[in-house]
Structures are given as C-alpha cells and as structure tokens.
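# Chains, contacts and geometry: an overview
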Amino acid sequence: MESMKAIVCDRRDSVKLDEVEKPAVPDDGVLIRVHASSVNPVDLFPLSGAGRLMRRINRKPERDVLGTDFAGTVESVGKDVTRFRPGDEVFGGEHGAFAEYVSLSETAALARKPANITFEQAGTVAVAALTALQAVRDHGQVKPGHKVLINGTSGGVGTFAVQVARSFGADVTAVCSPNNVDTARSLGARRVIDYTKADFTHDSERYDVILDIAASHNFSECRRVLLPTGVLVVVGVAAFPHVSPMRALRHFAGTRLRSMRGGRRAAFFITKLTGPDLEAMAELMASGKVTPVIERRYRLDEAGEALRHLRDGHARGKIAIEVTSPAPDGAGANPQPSTVAV
C-alpha cells in the first residue's frame, strides 16, 4: 500500500499531519499531486459537533482528511479519461485536499490552471471564488450598470466578489474594516465604506444587489437601501466562521421571514463546485480581471494554525497552504508530523 502525508482530524478534534493511504485512480479519475491549497470555513465543519455526528452517521473513518481547494499537476489518469493527461497543471475542489495527492473524476470540479496564475494562487480559488461567482451571477443576476454593495469584502469570498462584480460591469460599493479600505479600492470598488465610521444601512445610495457576507445587519435594515426590485443575496454561514451556529441560524431564519413581506427579496444558496464554473473563473483570471488576494502562507504541517487564524474571523483575503513543491523532481516541503488542537 502506497502512503502519503495528509492533514487529518481525529476523534479528539485535533488536526494532525499523518500518513494515510494514497488514493486510487478510478477509470474516469484523475490523480493530482497537490502543490497548494487554502483554508475555507467549510474545512472547519469536520471539527464541529455536527461534523463528528455526520461522520458517525455516514460511517466515515475516524480520521477524516481535511481540505477542499487544491492546485497541482496531473500525476496519472484512468483509462476512460479524455480531458486531462499527465503533466497538466490544474486546480479545483475536492474533499481531502490537505494531502500530497487527491483523486477525483474528470467531470468533477477540475479545470486547467491559467499560465499567468501560480499554483499558490490557483490553490485558493475553488470554494471562495465560486461562492462569489454564483452569488453575483446566479443569485444577484448582476448586469452592467447595476449598483452592488458587498458587505464584508475583507475575506476570501469578499475579495473575489468585488472583482467578479466589476467584471460583470457593476458599480461596486465595498463595506469593510479600516485596515482593508485600500485593498477594496485596488480591487475595483468605486466607493468604500469603513463600517467603524458609517452604517451602510443609513446610506443615501440605493442598490440593485446587496451581497451579505458579514451578516452584520438584518433584512429589515438592509431593505432600507435596496431598490424596490433589489435583492439581498445571503452568502452561506460558511462565509462568516466567527459567527456562532445559533446566531447564524437566527440570522438566516429572521432574513427568510422578513423577506416574505414586501417587494424586495432575499436569496439563499449553497455553493456548488463545478468544472464549468471553475473554467469561467480560469477565463477571468487569464484575462486579468480576477486575481486571488493572499494574506498569509503556511506549510502543510502548519494547517492547524491556518485553520485557527481563519476561525478567529480576521483573515484579509485568502490563507494559502504549501503542500508539495511543483519541481519536476517532486521535492516536497517535507513537513514534519505534528498535532494541533483547533
């Protein structure tokens, strides 16, 4: 049995770098040597009480490999694969990406990496960028000239959302902390509101779309600055990990109930990781319209620290993880085993 290094969470909810079985390659599958990954709020779920319960219900192994985003090089392909071949540089999303190798179907969330984007950058894209894309395009239905307010532009989803909305021709207003004002402007926001100095729900401006990532205001407050045909897009609880589960549930339930009255509406969604949407993001990155913003970098053996930083709720952009070296000789980061409570 071939083994590989991976970040696992055990029954004690500790995060540990350990040796696990290298994944097999099905006939329609692609085996990828992972060079880079990043942390997302969804990666914290297995460490929660609900995550433990789901593992028991689904009879998953006691050690669950963490991670979702990845970028790397195709190592081998199944006999039925036609879209990819060994040596291709790719990126995507698949559970278990905090590992030296990941295997998934060629029709899953997998796309070729643009040449102008590094492995590190591409390894931060799947979850956050597709959340932003689907919020803007599918649920906000943003059109050229629309006025879009993004509440919470500091983190991974927010930094992508500003750029994606601008690529759709929107006039973007960003709401963020004072430390992130310059970044929001550099990403294309025409107007930036420092939430420590002003409350956007008392703004004189009216918006076609509000993307609510921060969950800092209820629907009644947001309705005041929505146009009569406007929509509040509620980005899932995964976008604000610092919010407690009960507070998040109350926020969603309250928004749902209040949105049932009046002309303005609220939209809720769960991000879907798909190949076509990754290809759409690849085109936006290749054209220079979207560039991942990376705040911090960690080695694979420091994944527990990266998750802890994310959970604290103060990340500015994406948090990248170096997994293995993309050098032809396959020299990796040579992470050392460690255990970290998150």
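The following paragraphs examine the structure supplied in this document. Please read these numbers as outputs of a predicted model, since none were measured by experiment.

## Quick look at the pairing of strand 10 (residues 171–176)
- Counting buried residues in strand 10 gives five out of six residues, a clear majority hidden from the surface.
- Relative to strand 10, strand 9 (residues 147–151) runs parallel, the two being bridged by five bridges. Bridging across to strand 10, Val 148 finds its partner in Val 172.
- Once the chain exits strand 9 it traverses helix 4 (residues 156–167) before rejoining the sheet at strand 10, and the crossover so formed is right-handed.
- Where strand 10 and strand 11 (residues 191–194) come together, four bridges link them in parallel fashion. Paired with Val 175 across the two strands is Ile 193, which belongs to strand 11.
- Read as a crossover between parallel neighbours, the route from strand 10 over helix 5 (residues 181–186) to strand 11 is right-handed.

## Section: the packing of helix 3 (residues 126–139) against helix 8 (residues 275–286)
- The contact between helix 3 and helix 8 brings their axes to 10 Å, and the two run at 90°. Comparing their axes, helix 8 and helix 3 come out roughly perpendicular. Where helix 3 abuts helix 8, its residues Ala 126, Ala 129, Leu 130, Leu 133, Gln 134 and Arg 137 lie against Asp 277, Leu 278, Ala 280 and Met 281.
- In terms of residue class, the contact of helix 3 with helix 8 is made up of seven nonpolar, one polar and two charged.

## Some thoughts on the side chain of Asp 194
- Within the fold, Asp 194 resides in strand 11.
- No salt bridge is formed by the buried Asp 194. Its closest oppositely charged neighbour is Lys 197, at 4.2 Å.
- Here the side chain of Asp 194 touches Thr 196 through a polar contact of 2.6 Å, side chain to side chain.

The rules behind these values
Residues numbered from 1 in each chain as written. Predicted model: local features only at pLDDT ≥ 70, side-chain atom pairs only at ≥ 80, totals over all residues. Heavy atoms only, no water. Buried < 20%, exposed > 50% of the residue type's maximum accessible area, 1.4 Å probe, protein only. Helix = DSSP H or I, 4+ residues; strand = E, 2+ residues; numbered from the N terminus. Pairing = 2+ DSSP bridges. Right-handed = clockwise from strand over helix to strand, strands pointing away. Axes fitted to C-alpha atoms, helices over the stretch in contact; angles between N-to-C directions. Parallel < 35°, antiparallel > 145°, perpendicular 65-115°, else oblique. Contact = heavy atoms within 4.5 Å. Nonpolar A, V, L, I, M, F, W, Y, C, P; charged D, E, K, R; others polar. Lys, Arg positive; Asp, Glu negative; His and termini not counted. Salt bridge = Lys/Arg side-chain N within 4 Å of Asp/Glu carboxyl O. Polar contact = N/O pair within 3.5 Å; in protein donor to acceptor, adjacent residues only side chain to side chain.

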